[in-house]
Amino acid sequence: MTEPKPLLTVAEALAVLLASAREITETQILPTLEANGRILAVAQTSQLDVPPVDNTSMDGYAVRVADCVSGEAVLRVSQRIPAGHVGQPLEAGCAARIFTGAMIPKGADAVVMQEVCVAAKDADGDLVTVKHAPQSGEWIRRAGEDIKSGSTILSAGQRLRAQELGLAASVGLAQLPVVRKLRVAVFFTGDELAMPGDALKPGAIYNSNKFTLRGLLENLGSDISDYGIVPDTLAATRDTLRLAAAENDLIITSGGVSVGEEDHIKPAVEAEGHINMWQIAVKPGKPLAFGEVYRADKSKVDNTAFFLGLPGNPVSSFVTFLLFVRPFILRLQGVADVAPKAYAMRADFDLPKGDRRNEFLRAKINAEGGLDLFANQSSGVLTSTVWGDGLIDNPPGKAIAKGDVVRFISFSDLMH
């Protein structure tokens, strides 16, 4: 009798997934205003300095340092320079009233903020007493101190957030090249599943996974095709796989990946393609399947759609999506760094016995800056994912004592 193959570790499973990913090469040009959340396809460089000229970072007076060494200099106010206007060269013995963002006039080498100046008038016009001896360059933002012309401001593979869009706009980029959206098919297996709004028959449950998985996919900017609840038969599962593979890059299912008589996903994928990986040493989420489904047109170079079969238990489905599906989707879109941030945090609880698998525990940050553990870590308790702030990545067999430092991954870092 042959020994069963050892389950893949989380790291091994991730390595298989990421090595298998074929990056999407199709791109599109979008207005910068419409590119939020998309993946940048080509690195962007600036064609100008930011700021484009020396300007003031403060309301005040542009002066010559040599005129203000006394700390009580009385200067003639020769001009007023609002932002967006160009002043005249500053003569010796004069100051220019200047406002934040305005261009520094030729001859000025410092700005003195208005709080240390006293304005006055005489018969010939406006005066200012500068009660400060400024240093050269004081309150001046130099041309190019933020961005130099010719420098790379955004790298290919970056997910564009509000700040990236602002940076692109600051150098005048009205459009950005982005990776086309990943086309993802989803369907759900289980004759017991019903949709919210329908009456529950005896033995039925509502399909919460549809809402969780679609929400997670929307966070990642996917173009989703939903094939609904598929009857628990091999024929129906195979039909849906073929239909989904024809038009999508990735197929995600929930449920039916175990080894029961009514679990048809694995044999259906093996009939329509092949399974590359199955069963991970992770809790929750052991029965995770990864493979490929052939398209009808096998003449194409990329003649398969990727397949990821998630467990049916709601927490298992949620956690395995975050751990495996999310990084796989990001890599398909050309993102290099797909690992979530992990934080070293204090456990404010005891876990007397670790599981033999790598366990991901739902935990909450408490008022003292430590972590509390949700009391029921069952894979069916979806309330733990709402209550919690993230997951503790606990190695196999590791007990946790109160005060121990653990590895914590925040949900906020896993949702985009």
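First, a word on scope: everything that follows refers to the structure included in this document. (Residues numbered from 1 in each chain as written. Predicted model: local features only at pLDDT ≥ 70, side-chain atom pairs only at ≥ 80, totals over all residues. Heavy atoms only, no water.)

A word on the overall build of the protein chain
Heads up, the condition is: Only DSSP runs of H or I with at least four residues qualify as helices, and only runs of E with at least two residues qualify as strands; both kinds are numbered from the N terminus onward. For the radius of gyration, the atom set is restricted to C-alpha positions; the globular benchmark scales as 2.2 Å times the number of residues to the power 0.38. Exposure classes here rest on a 1.4 Å probe applied to the protein chains alone. A residue is buried below 20% of its type maximum, exposed above 50%, and partly exposed in between. Only heavy atoms matter for contacts: two residues are in contact if any of them lie within 4.5 Å across the pair. Accessible areas in this description were obtained via Shrake-Rupley with a 1.4 Å probe; residue shielding takes into account the shown protein chains only. Asp and Glu are treated as the negative residues and Lys and Arg as the positive ones, with His and the ends of the chain left uncounted. The location of each charge is read from NZ of Lys, CZ of Arg, CG of Asp or CD of Glu.
Along the protein chain, the regular secondary structure elements total seven helices and 26 strands. The C-alpha radius of gyration of the protein chain comes to 31 Å, more than 25% above the 22 Å expected for a compact globule of 416 residues. Relative to its 416 residues, the protein chain shows a buried fraction of 48%. Here the analysis covers contacts within the protein chain between residues at least 6 apart in sequence; of these, 69% occur between residues at least 24 apart. Here the protein chain has roughly 19900 Å² of accessible surface; of this, 53% comes from carbon and sulfur atoms. Side-chain charges in the protein chain split into 41 positive and 49 negative, and the spacing between the mean points of these groups amounts to 2 Å.

Comments concerning the sheet that holds strand S9 (residues 125-130)
Put simply, the test is: Strand pairing is defined by DSSP finding a minimum of two bridges between the two strands. Here an axis means a line fitted to C-alpha atoms, over the contact stretch when the element is a helix, while the angle between two N-to-C directions is reported on a 0 to 180 degree scale.
Taken in spatial order, the six strands make up an open sheet running S7-S4-S6-S5-S9-S8, and their pairing is mixed. Taken across any chain shown, the strands that pair with only one partner, and hence form the sheet edges, are strand S7 (110-113) and strand S8 (117-122). Going across the sheet, the axis of each strand differs from the next one's by a mean of 40 degrees, ignoring polarity. Relative to S7, strand S4 (residues 60-63) runs antiparallel, the two being bridged by four bridges. Residue pairing across strands places Val63 opposite Ala110, the latter belonging to S7.

A word on the packing of helix H4 (residues 234-247) against helix H5 (residues 265-272)
To keep things clear, this is the line we draw: Here the word oblique covers every angle except those under 35 degrees (roughly parallel), over 145 (roughly antiparallel) and from 65 to 115 (roughly perpendicular). What makes a crossing left-handed is the near helix being turned counterclockwise from the far one by less than a right angle; a clockwise turn instead makes it right-handed.
It is at 9 Å that the axes of H4 and H5 come closest, and there the two elements cross at 50 degrees. The angle between H4 and H5 places the two elements in the oblique class. Judged by the sense of rotation from one axis to the other, the crossing of H4 with H5 is right-handed. Contact residues: Leu234, Thr237, Arg238, Leu241 and Arg242 in H4; Ile265, Pro267, Ala268, Val269, Ala271 and Glu272 in H5.

Regarding the packing of helix H3 (residues 208-219) against helix H6 (residues 314-332)
Remark: H3 packs on H6, axes separated minimally by 11 Å, with the N-to-C direction vectors making an angle of 25 degrees. Overall, the two elements H3 and H6 adopt an arrangement that is roughly parallel. For the crossing formed where H3 meets H6, the hand is right-handed. Listed contacts from H6 to Ser208, Asn209, Thr212, Leu213, Leu216 and Leu217 of H3 are Pro314, Ser317, Phe318, Phe321, Leu322 and Ile329.

Observations regarding the pairing of strand S5 (residues 73-81)
In this structure, S5 lies alongside S9, joined through four bridges in antiparallel fashion. From the neighbouring strand, Val74 faces S9, where its bridge partner is Thr129. Summarising the sheet, S5 and strand S6 (residues 94-98) pair through five bridges and their orientation is parallel. By the bridge assignment for S6, Gln79 is matched with Ala96.

Things to note about helix H2 (residues 162-170)
Cut-off, in case you're wondering: To be clear, the arc concerns the directions from the helix axis to the C-beta atoms.
Within H2, burial applies to Glu164, Leu165 and Ala168. One side of H2 carries all its buried residues, which in axial view fall inside an arc of 100 degrees. Turning to H2, the residues buried within the fold contact strand S11 (152-154) and strand S12 (175-179). Directly beyond the C-terminal end of H2, a positive phi value near 85 degrees is found at Gly172.

Points about the nonpolar core
Our working rule: Among buried residues, those of type Ala, Val, Leu, Ile, Met, Phe, Trp, Tyr and Cys that are joined through side-chain atoms within 4.5 Å constitute a nonpolar core.
One finds Leu250, Ile252, Phe321, Phe324 and Phe328 to be the most contacted residues of the largest nonpolar core, which totals 47 residues. Sorting the residues of this core by element identifies helix H1 (10-20), strand S13 (183-189), H3, strand S17 (250-254), strand S21 (304-310) and H6 as the ones contributing at least two each. The element that contributes the greatest number of residues to this core is H6, accounting for 12 residues. Excluding residues that lie within four positions of it along the chain, Ile252 makes contacts with Val184, Ala185, Val186, Phe187, Leu217, Leu308, Leu310, Phe321 and Val325. Ala185, Val230, Ile265 and Ala268 belong to the second-largest nonpolar core, a separate cluster that totals 15 residues.

Shape descriptors only; they carry no functional weight alone.
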